[in-house]
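Fold and contact review
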Amino acid sequence: MWRLRRAAVACEVCQSLVKHSSGVKGGLPLQKLHLVSRSIYHSCHPTLKLQRPQLRTSFQQFSSLTNLPLRKLKFSPIKYGYQPRRNFWPARLATRLLKLRYLILGSAVGGGYTAKKTFDQWKDMIPDLSEYKWIVPDIVWEIDEYIDFEKIRKALPNSEDLVKLAPDFDKIVESLSLLKDLFTTGHKLVSEVIGASDLLLLLGSSGETAFRATDHGSESDKHFRKVSDKEKIDQLQEELLHTQLKYQRILERLEKENKELRKLVLQKDDKGIHHRKLKKSLIDMYSEVLDVLSDYDASYNTQDHLPRVVVVGDQSAGKTSVLEMIAQARIFPRGSGEMMTRSPVKVTLSEGPHHVALFKDSSREFDLTKEEDLAALRHEIELRMRKNVKEGCTVSPETISLNVKGPGLQRMVLVDLPGVINTVTSGMAPDTKETIFSISKAYMQNPNAIILCIQDGSVDAERSIVTDLVSQMDPHGRRTIFVLTKVDLAEKNVASPSRIQQIIEGKLFPMKALGYFAVVTGKGNSSESIEAIREYEEEFFQNSKLLKTSMLKAHQVTTRNLSLAVSDCFWKMVRESVEQQADSFKATRFNLETEWKNNYPRLRELDRNELFEKAKNEILDEVISLSQVTPKHWEEILQQSLWERVSTHVIENIYLPAAQTMNSGTFNTTVDIKLKQWTDKQLPNKAVEVAWETLQEEFSRFMTEPKGKEHDDIFDKLKEAVKEESIKRHKWNDFAEDSLRVIQHNALEDRSISDKQQWDAAIYFMEEALQARLKDTESAIENMVGPDWKKRWLYWKNRTQEQCVHNETKNELEKMLKCNEEHPAYLASDEITTVRKNLESRGVEVDPSLIKDTWHQVYRRHFLKTALNHCNLCRRGFYYYQRHFVDSELECNDVVLFWRIQRMLAITANTLRQQLTNTEVRRLEKNVKEVLEDFAEDGEKKIKLLTGKRVQLAEDLKKVREIQEKLDAFIEALHQEK
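Residues numbered from 1 in each chain as written. Predicted model: local features only at pLDDT ≥ 70, side-chain atom pairs only at ≥ 80, totals over all residues. Heavy atoms only, no water.

How we decide: UniProt positions are given in the numbering used here, feature names are shortened, and annotations may be inferred rather than shown by experiment.
As recorded in an unreviewed UniProt entry, the protein goes by Dynamin-like GTPase OPA1, mitochondrial and comes from Callithrix jacchus. On record in UniProt, under Subunit (unreviewed entry), the comment for the protein is "Oligomeric complex consisting of membrane-bound and soluble forms of OPA1. Interacts with RCC1L; RCC1L acts as a guanine nucleotide exchange factor (GEF) for OPA1 by exchanging bound GDP for free GTP. Interacts with CHCHD3 and IMMT; these interactions occur preferentially with soluble OPA1 forms. Interacts with PRELID1." Looking at the protein in UniProt, the text filed under Catalytic activity (unreviewed entry) is "GTP + H2O = GDP + phosphate + H(+)".

Here's what the structure looks like:
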C-alpha cells in the first residue's frame, strides 16, 4: 500500500510541475514523467507496454529472522528520454528526496516489526517449566532474600542485543551516500536510483533478503552484482546460524542458573528451613512400579506393558556413551572393543539437589562429582553383571536397577541392553548371539516401550544389524527414535555429506522412526569428562557443514536436544498407557482374591516373607524349649547313650582280658592300665560326641514332633533345612574335652564303695551288661549253627551245609569245655588238631580257622554264664569287700570294676549336662538365629523351602495389590501435576 501511495505522490509532483512551469507551452511529454506515475495514470500510452524479464536465481531465498519464503522481485526495463528544451532538474531532485523520506520511514517500521516477531519466536523457544511447580516450596515467596535477581536480570538479553536484530542502517547510509554521489556528478541513471531504493525496501521489509541488479549496464556489472548477491546470502545465513547459537548459549546459561536456584531451594529444604514434606517425585514413583513389576514378572511377559526407554544398538555403537551423556556422568564400565554390558541395566533419571547414584537394593550413595566414587560405581556395576552371568554364559537377562539423581536431569526410565553382535568370538558362549537377540526382543515387544536405536555413524550403514531388528519390532516407527553417533568421524570419513543426510532422514534403512538425531559422544578418549564432551559437541556442530548447508536442523543435533525429545516422548507414552495398565491389574487382583476365598476360606493371606517370619518364631520357640528339659532327663539320656557307645570297648578290651588273669592282683593291674589308656585317648572324645548327638536328637525331636491342630506342614522343609544347617555350623567347645578328661580320670581312680546300696547297684549294672552280651552271643551262635530241632519242626526250616559243619564243631568244642571248665580263652594247636581229627572221623571236613571262629563264640558264652553265676555269688560279698576279702575265698574285683565304670558314667553325664544347659544350648540358639537371618536374606532359599500353591497365590496377591496401589498413587500424582 505504501508503494502505491509513493507512486501517487510522485505523479502529483509531476502534474504540478507541468501546470506551474513558466515558459513552457503545451503538455509535458510523457517520457519526462515518473516511471511509476506513467505505469498508473498513463497506462494507455503506447510506449508503456513494458516487458518484465523474470528474475533468474539458482537458489531459494530465506530470511535470517523467519522461515517464510521471500517474494521474487521483477523489474521492468526502462527507456529513458531527455528534452533539451526543458530542464526540471530541481523538481526531479525534490521528488527523489520525498521518496527517500518514505523509504527510510518504511524501513524503520518494517525492521522494528521483524525484530519484535523474532524476539517472540525466541521467547516461545524457552521450555515451559510449569511442570516443576510441585517442587517449589513456600520459601520461594521469600527467595529475594537469598537470590540476587539483579544478577539474573543482567544476564537476560538487553536492548543492545535486540537492536542488532534491526536492519543494518550502516548499509542504508552507504547506499544514500552512493545516491548523493550520483546526483552530485550529474548522472541521471534513474534505474540505479530505483535499484537502490528497492534495496532499502528489501532491508526494511519483513525479513526479505533477495537482491536483484538492473538489466542496464555492462556484462561485467551484471557478473559483479550476481557474485555480490550470493555473498550476501551466505553472509546472512551465517549470521542466522551465529544468532541461533548465541541465543542457544543464553538459554543454556539461563537453564544453568535455574538449575542452581532449584538446587539451592532443595538444599535449604533438606536443612529444615521449610518443614513441609516434599512429595515423592513422579519418576521415582514410576520406577518403583517397574521394580515391583520386575520382581513379580521376571519373565517379562505381556502383562507388563508400562513404558520405558529401551536403548538398543550394535556392539560399540555408542549406546552406553549416549546414556552417560543423558545422565551427565561416566557411570558405566568401559572397554576397548570388549563387551562390557553383559546384562540389562535399568537407569531411572530424576531431579535432585545432588548428583548421586544408588542401587535399588543398597543404601550407599555414590557422589558422581567425585572421581573415586565414579570408579567405585563402575566397579560395582561390573561386579553385579559378572554375578548375574551364570557359569558357561556370556550375558544374563537379569536386570540391574540403578537410580541417578541430579540437578537438571530429564525424568525418565532407560534400559541399557547388551550390544547386538554379528559373530560369536572366542571366549563367548555359543548361544551368546541368540541370547542377546532374545533379550532385546523381550524388551522391544512391549507395545509401549520407546526404542532408542543407536547407529554408529563412523561405519557403513549396510553393516548395521540392529536396524533390521528394530524394523521387525516396530515396522511403522511409531515408538522408535533413531540416533546417529560419532557424526564427527562420519563427516570426516564419508566422501558424500548427503549420505549422512540420507541416514538421518531414514532413507538408507527399511526402518521408520518418530525422529532422527545426530550426536557426538566424545573424541574416543575414555578419560574425557562429560562437560568436555558437551563443549566439543557444541563446537563441532557450530562449525559443521551439515548444519550450515541445512542438511541437519538445529533441533536434530546434540544430546541435550535428544534428551528433551526422549523425555517428552516417554511421558506422552506414560500418560496414554498407564491407566489401561492399572485397569488390567485391577481385574487380575479380583480373580486372585476370588480364587483364595474359594480354596483357603479360613486362612489368612500370608505371603512368603510373612510365612517365613511365622516359621522363624516357631523354630526359636522350639529352641528355647531345649532349656526347659529337666536335668534328670538330660543325665539319663546322656548316661544311657554313653554306655551304649563304650560298652563294647569296656567288655571286650578291658573286662574280658583282665578276667583271664589268674589272681586279683593281676586283674586290678590290668584294669588300671587299660582304663588309664582309655581315658587319655578315647573316652573324652566319645563323651563329647555322645553329648552332641544327644543335643541333635532332642533338637530334632522338638522340631519335628507334631503340634496337633496347630501344626502346619508347609514349614516342614524349612525346619529341616534350618536344623541341618545349624547342626553343621555348631561346634562343641574345644576346652570341654580337657576338663572332661580330668574328671573322668579321677572318677575311675576311686575304688571305694561306701554302702550296700551302691554295691547292689553295681551288681545290677554288671548283670545287665553281661546279660546283654550273652544275648548277643546266643544270637550269633544261632546264626552260625542254624535253627534248633524245635524251629525245624515248627517252622519247617533246615540247616545249610555250612551250618551243619559249624554245629558239629560247636558240639565237639562244648565237650572239651565240659571236661575243663577253667579252660583258657585260646585253643592250643594240638587241641585244634584233635578237634579236626575227631570231626574227620565222623566225616566232617573242617578248616582250622573255622574251628577258631566257632571256639570264640562258644567260649564267650561259657565265660559270660560263668561271670553271671559269679555275680550272683557276689551279692552277699559286700561284707568281705569291706574287709578287703581277707580270709575269704570270694573275690569280687569285677563288681568293683563295674562300679567304677558306672560312677564314671554318672559323673560324665552330669558334667555334659552342665555344658549343654549352660553353654551349648545357647550357642545352638545363636546358630539357629544366624541361619534364619541368612535364609531371610536369601530369596532363592525361601522360594525353595516355602513352596506350594497356597504360597504362590498369596505372593501373587501381594504383588498385584502393591502394583495396583503404586499405579493408583502414580496416576493421582500425574493428574495433580496436570
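Some points on the overall build of the protein
The condition that has to hold: The way it works is that DSSP assigns letters per residue, a run of H or I at least four long becomes a helix, a run of E at least two long becomes a strand, and they are numbered from the N terminus. Burial classes: relative accessible area under 20% of the type maximum marks a residue as buried, over 50% as exposed, and values in between as partly exposed (1.4 Å probe, protein chains only). For the area figures, the Shrake-Rupley method with a 1.4 Å probe applies, and any residue is considered shielded solely by the protein chains shown.
Per the secondary structure count, the protein includes 33 helices and nine strands. Counting every position in the protein, which comprises 978 residues, the buried fraction comes to 45%. A total accessible area of about 54000 Å² is found for the protein, and carbon and sulfur atoms account for 51% of it.

Some details on helix α20 (residues 631-659)
Defined as follows: A helix is expected to span 1.5 Å multiplied by its residue count minus one. One axis fitted to the seven residues ending at a residue, another fitted to the seven starting there: the angle between these axes is the bend at that residue.
Between its first and last C-alpha, α20 extends only 36 Å over 29 residues, short of the 42 Å set by a 1.5 Å rise per residue. Along α20, the sharpest kink reaches roughly 50 degrees, centred on V646.

As for the sheet that holds strand β3 (residues 356-359)
We apply this condition: If DSSP finds at least two bridges between two strands, the strands pair. Residue contacts are defined here by distance: any two heavy atoms, one from each residue, within 4.5 Å place the two residues in contact. Here an axis means a line fitted to C-alpha atoms, over the contact stretch when the element is a helix, while the angle between two N-to-C directions is reported on a 0 to 180 degree scale.
Here nine strands make up an open sheet; going across it, the order is β4-β3-β5-β2-β6-β1-β7-β8-β9 and the pairing mixed. With partners counted over all chains shown, the strands left at the sheet margins are β4 (366-367) and β9 (515-518), one partner each. Pairing geometry for β3 and strand β5 (residues 400-406), over four bridges, is antiparallel. Paired with F359 across the two strands is L402, which belongs to β5. Here helix α11 (residues 371-388) sits on the sheet in contact with β2 (345-351), β3, β4 and β5, set at roughly 160 degrees to β5.

Examining the packing of helix α19 (residues 608-626) against helix α22 (residues 683-704)
The following threshold applies: In this scheme, roughly parallel covers angles under 35 degrees and roughly antiparallel covers those over 145, while 65 to 115 is roughly perpendicular and the rest are oblique. It is the rotation of the near helix from the far one that decides the hand of a crossing: anticlockwise by less than a right angle makes it left-handed, clockwise makes it right-handed.
Orientation of α19 relative to α22, taken along the N-to-C sense of each, is 135 degrees, at an axis distance of 9 Å. Between α19 and α22, the interaxial angle falls into the category oblique. For the pair α19 and α22, the sense of crossing is right-handed. Contacts between α19 and α22 involve I619, E622, V623, S625 and L626 from the first element and L695, E698, F699, F702 and M703 from the second.

Side note on a negative patch on the surface
The cut-off we apply is this: Patch definition: residues above 30% relative accessible area lacking any salt bridge, with like charges linked at up to 9 Å and the nonpolar side chains Val, Leu, Ile, Met, Phe, Trp and Tyr linked at up to 5 Å. Each reported salt bridge corresponds to a side-chain nitrogen of Lys or Arg within 4 Å of a carboxyl oxygen of Asp or Glu. Positive charges come from Lys and Arg, negative ones from Asp and Glu, while His and the chain ends are left out of the count. Throughout, a charge is located at the NZ atom of Lys, the CZ atom of Arg, the CG atom of Asp or the CD atom of Glu.
Among the surface-exposed residues, E398, E930, E933, E937, D938 and E940 lie close enough to one another that they form a single negatively charged patch. In terms of residues, the negative patch owes the most to one element, helix α31 (residues 893-937), which gives three residues. Overall, E930 belongs to the partly exposed group, its relative accessible area being 31%.

Quick word on the packing of aromatic side chains
In this description, an aromatic ring pair is defined by two values, namely the gap between the centres and the angle between the planes. Selection rule: For this analysis, a ring pair means two rings from Phe, Tyr or Trp (six-membered ring only for Trp) whose centres lie within 6.5 Å, classed as stacked if their planes differ by under 30 degrees, edge-to-face if by over 60, and tilted for the remaining angles. Cation placement over rings: the criterion is NZ of Lys or CZ of Arg within 6 Å of the ring centroid and within 35° of the ring normal.
Across all of its chains, the model carries 14 aromatic pairs by this definition. Between F765 and F898, the aromatic rings sit 6.0 Å apart at their centres with planes inclined by 70 degrees, giving edge-to-face as the arrangement. With F765 in helix α25 (residues 756-785) and F898 in helix α31, this residue pair connects regions lying 133 residues apart in the sequence. Taken as a pair, F765 and F898 share a single burial class, namely buried. In textbook terms, an aromatic cluster arises when at least three aromatic residues are bridged by ring pairs, as seen for W643, Y655, F765, F863 and F898. Here the basic side chain of R384 rests over the ring of F359, its NZ or CZ set 4.0 Å away from the ring centre. We note R701 situated over the ring of F702; from NZ or CZ to the ring centre the distance is 4.6 Å.

Points about the environment of S396
We apply this condition: We call two N or O atoms a polar contact when they sit within 3.5 Å, provided that within protein one can donate a hydrogen and the other can accept it, with sequence-adjacent residues counted only if both atoms are side-chain atoms.
In this structure, S396 sits in the loop between α11 and β5. For the pair S396 and M385, spaced 11 residues apart in sequence, the C-alpha separation works out to 7.9 Å. When sequence neighbours within four positions are dropped, the list of residues in contact with S396 reads R342, S343, P344, N388, V389 and I439. Here the side chain of S396 touches N388 through a polar contact of 3.2 Å, landing on its backbone oxygen. A polar side-chain atom of S396 sits 3.2 Å from the main-chain amide nitrogen of E398.

Some points on unusual backbone geometry
Positive phi, normally seen in glycine, also occurs at S316, with a value near 65 degrees. A positive phi angle, near 75 degrees, is found at T558, a position not held by glycine. On the secondary structure map, T558 appears in the loop between α17 (545-548) and α18 (559-599).

Observations regarding the pairing of β3
Note on strand geometry: in a regular strand, side chains alternate between the two faces of the sheet. Side-chain alternation along β3 places V356 and L358 on one buried face and A357 and F359 on a second face that is also buried. Here β3 pairs with β4 via two bridges, running antiparallel. Across the sheet, residue V356 finds its bridge partner in β4, namely D367. The turn linking β3 back onto β4 is made up of six residues.

Let's talk about the nonpolar core
Spelled out, the test is: Nine residue types can take part in a nonpolar core, namely buried Ala, Val, Leu, Ile, Met, Phe, Trp, Tyr and Cys, and a core is a set of them joined through side-chain atoms within 4.5 Å.
Of all hydrophobic cores here, the largest spans 100 residues; its most connected members are Y655, W678, L695, W759, I901 and V928. With 17 residues, α31 is the single largest residue contributor to this core. Not counting the four nearest positions on each side in its chain, Y655 is found in contact with V650, M766, L770, F863, A867, D894, L897 and F898. Counting residues in each nonpolar core, the second largest holds 67 residues, with V347, L377, L592 and I971 among its members.

Points about the state of the cysteines
Put simply, the rule is: Cysteine sulfurs are considered disulfide-paired once they come within 2.5 Å of each other.
For the coordinates displayed, the defined rule picks out one disulfide. We note that C871 lacks a disulfide partner, and the nearest cysteine sulfur, in C874, lies 6.7 Å from it.

A look at the pattern of salt bridges
Tallied over the entire structure, the rule returns 40 salt bridges. A salt bridge links R384 to E380; its shortest N-O distance comes to 3.0 Å. Here E380 and R384 lie together in helix α11, a separation of four residues that amounts to about one turn. Where R741 meets D738, a salt bridge forms, and the shortest distance between an N and an O atom there is 3.3 Å. One end of the pair, R741, and the other, D738, are both in helix α24 (residues 736-749), three residues apart, so they sit about a helical turn from each other. For R741, a relative accessible area of 24% puts it in the partly exposed group.

Let's talk about α24
Heads up, the condition is: The reported arc concerns the directions from the helix axis to the C-beta atoms and nothing else.
The terminal C-alpha atoms of α24, which comprises 14 residues, lie 20 Å apart, in line with the 20 Å expected from a rise of 1.5 Å per residue. Among all positions of α24, only A736, L740, Q744, A747 and L748 are buried. Along the long axis of α24, the arc covered by the buried residues comes to 90 degrees, so they all point the same way. Buried residues along α24 sit against α21 (664-681), α22 and α31.

Focus on the pairing of β9
In β9, alternate side chains face the same way, and those of G515 and F517 on one face and Y516 and A518 on the other are all buried. With four bridges joining them, strand β8 (residues 480-485) and β9 adopt parallel strand pairing. When the sheet's bridge partners are listed, L484 is paired in β9 with A518.

Considering the side chain of H806
Positionally, H806 belongs in helix α27 (residues 801-819). Apart from residues no more than four positions distant in its own chain, H806 is found in contact with M784, V785, L850 and T854.

Re the confidence of the model for the protein
As a reminder, the rule being used: Each residue carries a pLDDT score, the predictor's confidence in it, ranging from 0 to 100.
Overall, the prediction assigns the protein a mean pLDDT of 75, with 70% of residues at 70 or greater. For the protein, helix α7 (residues 190-204) is the element with the lowest average pLDDT, namely 37, and strand β1 (residues 309-313) is the one with the highest, namely 92. Here residues 1-85 scores under 50 on pLDDT; set against residues more than four positions off or in separate chains, the count is 104 contacts. Within the model, pLDDT remains below 50 along residues 298-302, and this stretch shows four contacts once partners closer than five positions in the same chain are excluded.

Quick notes on the environment of V311
Here V311 lies in strand β1. Residue V311 is classed as buried on the basis of its relative accessible area, which comes to 1%. Counting along the chain gives 34 residues from V311 to V345, while the straight-line C-alpha distance between them is 10.0 Å.

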